[in-house]
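Below, each chain spelled out in residue letters.
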Amino acid sequence: MTAEVVTLKLPRRVYEQIQQAAAKAQRPVNDVLVEAVTAVAPVAGVASRELRMSLAQMAYMNDAALWQAARSTVAPDQQQRLEALHHEQQRRPLTPKEQAEEQGLLALYRETILVRAQAAVLLKQRGYDIRDPEQFAPLA
């Protein structure tokens, strides 16, 4: 992989926070910064500011927390409700209340997928083999 060198001026407080996070994760500051930028770049135009910030902060997580994020899923009752709304939508138009509920559940689903994907990217960058689907199965 080719790399570009970038000079970045950060406020002292931000740099100190990054240093602390890197020390806590026992990782080089450069790696933490690269992971944070990597987290935000692909979703810059499609995700909410809050989600982009959450994805960027994942670079500070330890490996166990990333594995937990990689295994996260939408709750079964929410999955079932979304499926029921989709089936209902095939039979008749949804009411405004049902449409709002469907949109909320779809947003939750998309965010969950983005979190899982970001966790997988970070784990791969840290040297883990993420090809095994068993590792991504939700923990019981």
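Below or above, wherever it landed, is the structure these notes cover. Note that residues are indexed from 1 along each chain, following the sequence as it is written. It should be noted that, the model being predicted, local features are given only for residues of pLDDT at least 70 and side-chain atom pairs only at 80 or more, the latter also being counted only at that level, while totals for whole chains, interfaces and linings use all residues. To get the side-chain values, all heavy atoms of the structure are used, and hydrogens and water are removed first.

Observations concerning the overall build of the protein
The condition is simple: Helix and strand labels come from DSSP, where a helix needs a run of H or I of at least four residues and a strand needs a run of E of at least two; each type is numbered from the N terminus. The rule is simple: take the accessible area with a 1.4 Å probe, protein chains only, and divide by the maximum for that residue type; under 20% is buried, over 50% is exposed, in between is partly exposed.
Within the protein, the regular secondary structure consists of 6 helices and 0 strands. When the helices and strands of the protein are read in sequence order from the N terminus, they spell out α-α-α-α-α-α. The buried share of the protein, reckoned over its 140 residues, is 27%.

Points about the layout of surface pockets
Stated formally: Here a cavity denotes a set of grid points, spaced 1 Å apart and computed over the protein atoms alone, in which a 1.4 Å probe fits but from which it cannot get out, and a pocket denotes an open set meeting protein on both sides within 12 Å along at least five of seven lines; residues with an atom within 4 Å of a point are reported as lining. Grid points are joined across faces, edges and corners, and a volume is the space filled by probe spheres set on the points. Each residue gets one of three labels, nonpolar for Ala, Val, Leu, Ile, Met, Phe, Trp, Tyr, Cys and Pro, charged for Asp, Glu, Lys and Arg, and polar for the others, Gly among them.
Quantified by volume, the second largest pocket comes out at close to 170 Å³. Ala-36, Met-53, Ala-56, Gln-57 and Tyr-60 are the residues nearest the centre of the second largest pocket, which is lined by 10 residues in total. Listing elements by their share of the lining of the second largest pocket, those giving two or more residues are helix H1 (12–25), helix H2 (29–40) and helix H3 (49–57). Partitioned by chemical class, the residues of the lining of the second largest pocket number 8 nonpolar, 2 polar and no charged.

Points about helix H4 (residues 63–70)
Our working rule: As used here, the arc belongs to the directions running from the helix axis to the C-beta atoms. A contact between two residues is defined here by any heavy atoms of the two lying within 4.5 Å. Under the rule applied, a polar contact is a pair of N or O atoms within 3.5 Å (in protein, one hydrogen donor and one hydrogen acceptor; residues adjacent in sequence only if both atoms are side-chain atoms).
Leu-66, Trp-67, Ala-69 and Ala-70 are the residues of H4 that are buried. Looking down the long axis of H4, one finds its buried residues gathered within 160 degrees of arc, a one-sided arrangement. Relative to its buried face, H4 has exposed residues pointing more than 90 degrees away, namely Ala-64 and Gln-68. Residues of H4 that are buried make contact with helix H6 (96–125). N-capping of H4 is provided by Asn-62, with a side-chain oxygen placed 3.2 Å from the backbone N of Ala-64.

Looking at H1
What counts is decided by this rule: A helix is expected to span 1.5 Å multiplied by its residue count minus one.
When the terminal C-alpha atoms of H1 are compared, their 20 Å separation across 14 residues agrees well with the 20 Å that a helix rising 1.5 Å per residue should span. Turning to H1, its buried residues number three or more, namely Ile-18, Ala-21, Ala-22 and Ala-25. Projected down its long axis, H1 carries its buried residues within an arc of 100 degrees, all on one side. Those residues of H1 that are exposed and angled more than 90 degrees off the buried face are Arg-12, Arg-13, Gln-20, Ala-23 and Lys-24. Downstream of H1 by one or two residues, Gln-26 has phi in the positive range, about 55 degrees.

What to know about the environment of Ala-36
Its location among the elements puts Ala-36 in helix H2. Sequence separation between Ala-36 and Leu-55 is 19 residues, and the spatial gap between their C-alpha atoms is 7.8 Å. Among all residues touching Ala-36, those that are not within four sequence positions of it are Ala-56 and Ala-59.

Re the environment of Glu-88
Tracing the backbone shows Glu-88 in helix H5 (residues 76–91). Residue Glu-88 is classed as buried on the basis of its relative accessible area, which comes to 18%. Considered as a pair, Glu-88 and Glu-98 are 10 residues apart in the sequence and their alpha carbons are 9.7 Å apart.

Thoughts on a nonpolar patch on the surface
The cut-off we apply is this: Put simply, a patch holds well-exposed residues, over 30% relative accessible area, that have no salt bridge, with like charges counted together within 9 Å and Val, Leu, Ile, Met, Phe, Trp or Tyr side chains within 5 Å. All accessible-area figures derive from a Shrake-Rupley calculation using a 1.4 Å probe, and residue coverage is judged against the displayed protein chains alone. What counts as a salt bridge is simple: a side-chain nitrogen of Lys or Arg found within 4 Å of a carboxyl oxygen of Asp or Glu.
A cluster of nonpolar side chains, namely Val-6, Leu-8, Leu-10 and Tyr-15, defines an oily patch on the protein surface of about 370 Å² accessible area. One can find Val-6 in the segment before H1. For Val-6, a relative accessible area of 65% translates into the label exposed.

Focus: the packing of H4 against H6
The line we're drawing: Convention adopted: a line fitted to C-alpha atoms gives each axis, helices being fitted over their contacting stretch, and angles between N-to-C directions are expressed from 0 to 180 degrees. Note on terminology: angles under 35 degrees are roughly parallel, angles over 145 are roughly antiparallel, angles of 65 to 115 are roughly perpendicular, and the others are oblique. Helix crossings fall into two classes, left-handed where the near helix is turned counterclockwise from the far one by less than a right angle and right-handed where it is turned clockwise.
Remark: H4 packs on H6, axes separated minimally by 8 Å, with the N-to-C direction vectors making an angle of 140 degrees. Here H6 runs oblique to H4, going by the angle between their axes. Once H4 is placed against H6, the crossing between them reads as left-handed. Judged by residue contacts, Asp-63, Leu-66, Trp-67, Ala-69 and Ala-70 of H4 engage Val-115, Arg-116, Ala-119, Leu-122 and Leu-123 from H6. Residues that form the contact of H4 with H6 fall into these classes: 8 nonpolar, no polar and 2 charged.

As far as function goes, none of this settles anything; it's purely spatial.
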